[in-house]
Amino acid sequence: MSELDLNSPFDPFADVEEEKGSVNTANYFHLRIQQRNGRKTLTTLQGLPKEIDSKRLLKAVKKAFACNGTVVDDEEHGEIIQMQGDQRVKMAEFLVSEGIAKKSNIKIHGF
């Protein structure tokens, strides 16, 4: 063991971000579902990098999934893509097939 390991005890409750520094939640794509009126749902995609044109991506997604959608600008989270219906699994497969994201970088939230 090195001196560093002996002098600083391991803290199992410390945040992973503080220890490693390389793990960052900013590089994840978050797919969430929101309940609207009755059985209607809304799927949101958050975490797109700045270099990806979200309007162009939305146009391709709308055509592929036969749904409507919009891009919403949020001060805290950046650009968020909203789509009609539950498109979480389809959107994850689409991002992986187009090479935009890796399967390990996509987090699917919701029920």
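As a reminder, the structure under discussion sits directly above these lines.
What this report covers is the structure whose coordinates are included nearby. Given the structure is predicted, the values throughout are model-derived calculations rather than measurements.

On to the sheet that holds strand β5 (residues 106-108). A sheet is described by the order of its strands in space; here five strands give the open sequence β3-β4-β2-β1-β5, paired in mixed fashion. Because the sheet does not close on itself, it has two edges, and the strands there are β3 (69-74) and β5. The average angle at which neighbouring strand axes cross in this sheet is 25°, direction not considered. As paired strands, strand β2 (residues 41-46) and strand β4 (residues 78-84) are joined by five bridges and run antiparallel to one another. Opposite L45, over in β4, you have I81 as the bridge partner. Those strands touched by helix α4 (residues 88-97) are β1 (29-35), β2, β4 and β5, and its axis lies near 160° from that of β1.

So, on to the side chain of Q46. Inspection of the secondary structure puts Q46 in strand β2. Of the residues examined, Q46 reaches a relative accessible area of 16% and is grouped as buried. Excluding residues that lie within four positions of it along the chain, Q46 makes contacts with Y28, F29, H30, R32, H77 and I80.

Another aspect to go through is the environment of L45. The residue L45 is located in strand β2 in this model. Exposure remark for L45: the relative accessible area of 0% places this residue in the buried category. Separated by 46 residues in the primary sequence, L45 and M91 place their C-alpha atoms 8.5 Å from one another.

We note that A66 has phi near 55°; this positive angle belongs to a residue other than glycine. Its place among the elements puts A66 in the loop between α3 (54-65) and β3. Taking the relative accessible area as the measure of exposure, A66 reaches 73% and is therefore exposed.

A grouping of D53, D73, D74, E75, E76 and E79 is seen on the molecular surface, where their side chains present a negatively charged patch. Within the element layout of this structure, E79 appears in strand β4.

Moving on, we get to α3. Compared with an ideal rise of 1.5 Å per residue, which puts 12 residues at 16 Å, α3 spans 16 Å between its outermost C-alpha atoms and is within 8% of the ideal. Among all positions of α3, only S54, L57, L58, V61 and F65 are buried. All buried residues of α3 fall inside an arc of 100° around its axis, so they share one side. Turned more than 90 degrees off the buried face of α3, the exposed positions are K55, R56, K59 and K63.

Reading the values: rules and limits
Residues numbered from 1 in each chain as written. Predicted model: local features only at pLDDT ≥ 70, side-chain atom pairs only at ≥ 80, totals over all residues. Heavy atoms only, no water. Pairing = 2+ DSSP bridges. Helix = DSSP H or I, 4+ residues; strand = E, 2+ residues; numbered from the N terminus. Axes fitted to C-alpha atoms, helices over the stretch in contact; angles between N-to-C directions. Contact = heavy atoms within 4.5 Å. Buried < 20%, exposed > 50% of the residue type's maximum accessible area, 1.4 Å probe, protein only. Patch = residues over 30% accessible without salt bridge, like charges linked within 9 Å, V, L, I, M, F, W, Y side chains within 5 Å. Areas by Shrake-Rupley, 256 points an atom, 1.4 Å probe, with all protein chains shown as cover. Salt bridge = Lys/Arg side-chain N within 4 Å of Asp/Glu carboxyl O. Lys, Arg positive; Asp, Glu negative; His and termini not counted. Charge placed at Lys NZ, Arg CZ, Asp CG, Glu CD. Expected span 1.5 Å × (residues − 1). Arc of directions from axis to C-beta.

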